[in-house]
Amino acid sequence: MTEASDRAAGRKSAAEVFVLDTSAIYNATDYPADSILYSTPLVVRELRRVYRTERAELFVQSRLRITEPGRASSEWIRKKAVESGDITRLSPTDLEVLSLAKELRAVLVTEDYSMQNIAGAAGIEFRSLYLPPIKDYVEWELKCMSCGTVSATKDAKECMICGGKLITRRRKSRPIKS
Ligand SMILES: [Zn+2]
């Protein structure tokens, strides 16, 4: 365990620990004063490059703890994302945020359905600020529109048999245990 996760785990009974993605910071509402808020280096970079608001910057400096997840949790999350088929819809920033939430056993705050899907598969508790959160974990597959072959890999760009265009299709789903 990292120092950060020790700290978070030790305080979990007293205060809630959240991991925030970019939108959760940009749209930051009032998190409870005693809650512990984390995010990652890539999120801060994205905020500073894309959003660049004083409010977000102030939030970063006054409220956020910035931590990078370890290799083990990052690899584990990547594996879950490949399994579900969400890997093509998740950015390095998304994967980093998910990995940190897993590592800290924190509550993930995100509006992103692919991230929520992985959180559901990985046993990470999640909340969203505006949109209703997803209730089912979905596993996706890629099917060729021309010959109907289901791709063996979930990050394929085209059909391995005929080179046809692939569509994303729901393969199976199950309710997320809460
Ligand atoms: Zn094909």
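Asker: Pulling in residues and values, what's your account of the sheet that holds strand β3 (residues 64-66)?
Answerer: What holds strands together in a sheet is hydrogen bonding between their backbones, with the strands either parallel or antiparallel. The strand order β3-β2-β1-β4-β5 describes an open sheet built from 5 strands, whose pairing is parallel. Looking at strand neighbours, the two that pair on one side only are β3 and β5 (126-127), the edges of this open sheet. Judged from the 3 bridges that link them, strand β1 (residues 17-20) and strand β2 (residues 36-39) form a sheet pairing that is parallel. Looking across to β2, one finds that Phe18 is bridged to Leu37. Across the sheet, helix α6 (residues 92-104) is in contact with β1, β2 and β4 (107-109); its angle to β1 comes to roughly 170°.

Asker: Outline the nonpolar core, listing residues and values.
Answerer: Ranked by size, the top nonpolar core spans 31 residues in total, and within it Val19, Tyr38, Leu98, Ala101, Leu108 and Ala119 carry the most contacts. Listing elements by their share of this core, those giving two or more residues are β1, α2 (22-26), β2, α3 (41-51), α5 (71-84), α6, β4 and α7 (113-122). For this core, the element with the highest residue contribution is α6, accounting for 6 residues. In contact with Val19, other than residues within four places in its own chain, are Tyr38, Ser39, Val97, Leu100, Ala101, Leu104, Ala106 and Leu108.

Asker: Hey, could you go over α6 for me, with residue numbers and the actual values?
Answerer: In an α-helix, one turn spans 3.6 residues, which is why side chains three or four residues apart end up on the same side. In this model α6 runs 18 Å from its N-terminal to its C-terminal C-alpha over 13 residues, within 8% of the 18 Å that 1.5 Å per residue would give. Burial analysis of α6 places 11 of its 13 residues in the buried class, which makes it a mostly covered element. Burial in α6 covers these residues: Asp94, Leu95, Glu96, Val97, Leu98, Ser99, Leu100, Ala101, Lys102, Glu103 and Leu104. Directly beyond the C-terminal end of α6, a positive phi value near 50° is found at Arg105.

Asker: Just give me the short version of the environment of Thr22, but keep the residues and values in it.
Answerer: Positionally, Thr22 belongs in helix α2. Distance in space between the C-alpha atoms of Thr22 and Arg127 is 14 Å, their sequence separation being 105 residues. If we skip the residues at most four places from it in the chain, Thr22 touches Val43, Glu46, Leu47 and Thr93.

Asker: Lay out the domain arrangement of the chain with the relevant residues and their values.
Answerer: Examined at the domain level, the chain breaks down into domain 1 (3-127) and domain 2 (136-175). Of note, the centres of domain 1 and domain 2, computed from C-alpha atoms alone, are 28 Å apart. Counting from both sides, the interface comprises 9 residues of domain 1 and, opposite them, 7 residues of domain 2. Residue assignment for the side of domain 1 that touches domain 2 shows that the elements contributing at least two residues are α5 and α7. Among the elements that make up the side of domain 1 that touches domain 2, the one with the highest residue count is α7 (3 residues). Class assignment for the residues of the side of domain 1 that touches domain 2 results in 3 nonpolar, 5 polar and 1 charged.

Asker: If you had to explain the packing of α3 against α6 to someone new, which residues and values would you point to?
Answerer: The interhelical angle for the contact between α3 and α6, taken along N-to-C directions, is 135°, at an axis separation of 8 Å. The angle between α3 and α6 falls in the class oblique. Taking contact as the criterion, the partners of Leu42, Val43 and Glu46 in α3 are, on α6, Pro92, Thr93, Glu96 and Val97. Considering only residue class, the contact of α3 with α6 consists of 4 nonpolar, 1 polar and 2 charged.

Asker: Describe the pairing of β2, and please don't skip the residues or the numbers.
Answerer: Across the two faces of β2 the burial is the same, with Ile36 and Tyr38 and Leu37 and Ser39 all buried. Here β2 runs beside β3; their pairing, made up of 3 bridges, is parallel. Considered in β3, the bridge of Ser39 is made with Ile66.

Cut-offs applied
- Residues numbered from 1 in each chain as written.
- Predicted model: local features only at pLDDT ≥ 70, side-chain atom pairs only at ≥ 80, totals over all residues.
- Pairing = 2+ DSSP bridges.
- Helix = DSSP H or I, 4+ residues; strand = E, 2+ residues; numbered from the N terminus.
- Contact = placed C-beta atoms within 7 Å.
- Axes fitted to C-alpha atoms, helices over the stretch in contact; angles between N-to-C directions.
- Core = buried A, V, L, I, M, F, W, Y, C linked by C-beta atoms within 7 Å.
- Buried ≥ 20, exposed ≤ 12 C-beta atoms within 10 Å, placed from the backbone.
- Expected span 1.5 Å × (residues − 1).
- Domains from an automatic or database assignment.
- Nonpolar A, V, L, I, M, F, W, Y, C, P; charged D, E, K, R; others polar.
- Parallel < 35°, antiparallel > 145°, perpendicular 65-115°, else oblique.

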